[in-house]
Amino acid sequence: MRDLAAYFNRFGHRYIAQGDDAAKNFTIGHIMSTNLIVNGTFDADPGDADYGWSGTDLETDNDEDTYQSNGNTENSVAEMNGSKNATTVMEQTFTVDNALTTELTLDAAMRNSSNFEVGVDGFLVEITDSEGTVIFSTTVYPDSITFETYTFDVTFPSAGDYTITFTELGDDTDGYGALVDNIVLMVCLTTGSMISTPHGNIAVEDLVVGMPVDTADGPKPLRWIGRKTLRPQDLDANEKLRPVLIRSDALGAGIPARDMRVSRQHRMVVSSAIVERMFGARDVLVSAIRLTALSGIDVCTQSAPVTYYHLLFDDHAVITADNAQTESLFVGPVALSALSDDAREEVLALFPQLEQATAPQPAAPIPTRHQQISLINRHVKNARAVQGG
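About the thresholds
- Residues numbered from 1 in each chain as written.
- Predicted model: local features only at pLDDT ≥ 70, side-chain atom pairs only at ≥ 80, totals over all residues.
- Heavy atoms only, no water.
- Helix = DSSP H or I, 4+ residues; strand = E, 2+ residues; numbered from the N terminus.
- Buried < 20%, exposed > 50% of the residue type's maximum accessible area, 1.4 Å probe, protein only.
- Contact = heavy atoms within 4.5 Å.
- Areas by Shrake-Rupley, 256 points an atom, 1.4 Å probe, with all protein chains shown as cover.
- Phe/Tyr/Trp six-rings, centres within 6.5 Å; stacked < 30°, edge-to-face > 60°.
- pLDDT = per-residue confidence, 0-100.
- Salt bridge = Lys/Arg side-chain N within 4 Å of Asp/Glu carboxyl O.
- Expected span 1.5 Å × (residues − 1).
- Arc of directions from axis to C-beta.

(A) Here's a closer look at the overall build of the protein. Looking only at helices and strands, the protein features seven helices and 24 strands. A burial count over the protein gives 48% of its 389 residues as buried. Counting only contacts in the protein whose residues sit at least 6 apart along the sequence, the fraction spanning at least 24 positions is 72%. Total accessible area computed for the protein in this model is approximately 17200 Å², and 46% of it derives from carbon and sulfur atoms.

Structure (structure tokens):
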């Protein structure tokens, strides 16, 4: 990018916070992720009902109402029993770039007409490497006609091609079987959240000090950038260091534009009529951990490195990352004390006024913990988007 190269030439290297204490980190932390499973929702259909899947006796092209008679014709699911006297096998192959431990999640339920088959109808899930060696195996026997989420840890011993296979279990003579939907195998790839700037979206790791970034109050120059990478053992030693995964569309339509991860206490903008009624302001800032009450937002338990970023401006700012409104580093007394010694010294050299007793002003109101919980519960109850609604 010509503009980006010009900024590197003009401003030189970016400032990086160096700290040895893994627990002292930080706010605007983003890493991209991808679902290795293609069409795990069974909703994508570019001319092929079985898109993403191969096997035998597949039945991946019916909606939920077909099996549940619940009126939901918008959601497609797969049945692990296509035709009578034929075993359904559904599989796809994907590539893992490095050894890692992650989570496999899926939703499963019984058909309403075969609920009496609880404990009989189900399916086997296996993941095999390119040599056919099984690295993961489990059985799922749904016990309700209501879809429930199943979560399993999966360890990939090395980079390579792997195949996930779903095999029908149970009575094969009646044409009825367990249902499966929303198959997700999420793997982190790299730092790369796209930050909105006057020169277009730029990956957070490519930002440089002095570069203007779009804020709610117009473009503002970046004054300092901090970065900290946490190892899997750091995350295992302190669960509170694990990021919160905000899946695409979890905050509103197209918000975020892709899956993003932030630290637990990093705040996202919540903007709605509910906010106005509760606080008399259109926007407030809510910690990511409070958002886990919303569908599509969870604490990430994946054992993979996580890089957290600080972006600091002259004043606390609302910026846009992956089309979601979020905050820059808010250097109040608590946040400042959480920085490593070197990072705190560097920030105070740039902003000596931060040592004064007067706390900086936040870019938007920050409700109390109890108020944040109440606010998000009201959004859940009223099925309201927290951004863009």
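(B) Just the packing of aromatic side chains, in detail. With the rule as written, the count across this model stands at six aromatic pairs. Between the aromatic rings of Phe 94 and Phe 156, the centroid separation amounts to 6.0 Å while the plane-to-plane angle is 85 degrees, which identifies the pairing as edge-to-face. One end of the pair, Phe 94, is in strand S5 (residues 89–96); the other, Phe 156, is in strand S9 (residues 148–156), with 62 residues separating them in the sequence. Taking the relative accessible area as the measure of exposure, Phe 94 reaches 5% and is therefore buried. For the pair Phe 156 and Tyr 162, a centre-to-centre distance of 4.8 Å together with 75 degrees between the ring planes defines the contact as edge-to-face. Across the pair, exposure class does not vary: Phe 156 and Tyr 162 are buried alike. Grouped by ring-pair contacts, the aromatic residues Phe 42, Trp 53, Phe 123 and Phe 166 constitute a single cluster.

(C) Molecular detail of the confidence of the model for the protein. With 78% of its residues at a pLDDT of at least 70, the protein reaches an overall mean of 80. Low pLDDT, under 50, characterises residues 1–33; the stretch is placed with 116 contacts to residues that sit more than four places away or in other chains.

(D) Here's a closer look at the pattern of salt bridges. Evaluated as defined, the whole model comprises eight salt bridges. Residue Arg 242 is joined to Asp 236 by a salt bridge in which the shortest nitrogen-to-oxygen separation is 2.6 Å. For Arg 242, a relative accessible area of 4% corresponds to the buried category. Taking the shortest distance from any N to any O, the salt bridge between Asp 322 and Arg 258 comes out at 3.1 Å. Taken together, the positions of Asp 322 in the loop between strand S23 (318–321) and strand S24 (324–327) and Arg 258 in the loop between strand S17 (244–246) and strand S18 (260–262) put the pair 64 residues apart, joining distant regions of the chain. Overall, Asp 322 belongs to the buried group, its relative accessible area being 4%. One network of salt bridges, with partners in common, ties together Asp 236, Glu 239 and Arg 242.

(E) Representation of helix H7 (residues 369–382) within the structure. The end-to-end C-alpha distance of H7, which contains 14 residues, comes to 20 Å, matching closely the 20 Å that a straight helix rising 1.5 Å per residue would cover. Among the residues making up H7, those that are buried are Gln 372, Leu 375, Ile 376 and His 379. Taken end-on, H7 shows its buried residues confined to a sector of 90 degrees, consistent with a single buried face. Seen from the open side of H7, the exposed residues pointing more than 90 degrees away from its buried face are His 370 and Lys 381. Along its buried surface, H7 packs onto strand S19 (267–271), helix H4 (273–279) and strand S20 (283–287). Remark: Ala 383 follows H7 within two positions and exhibits a positive phi of approximately 55 degrees.

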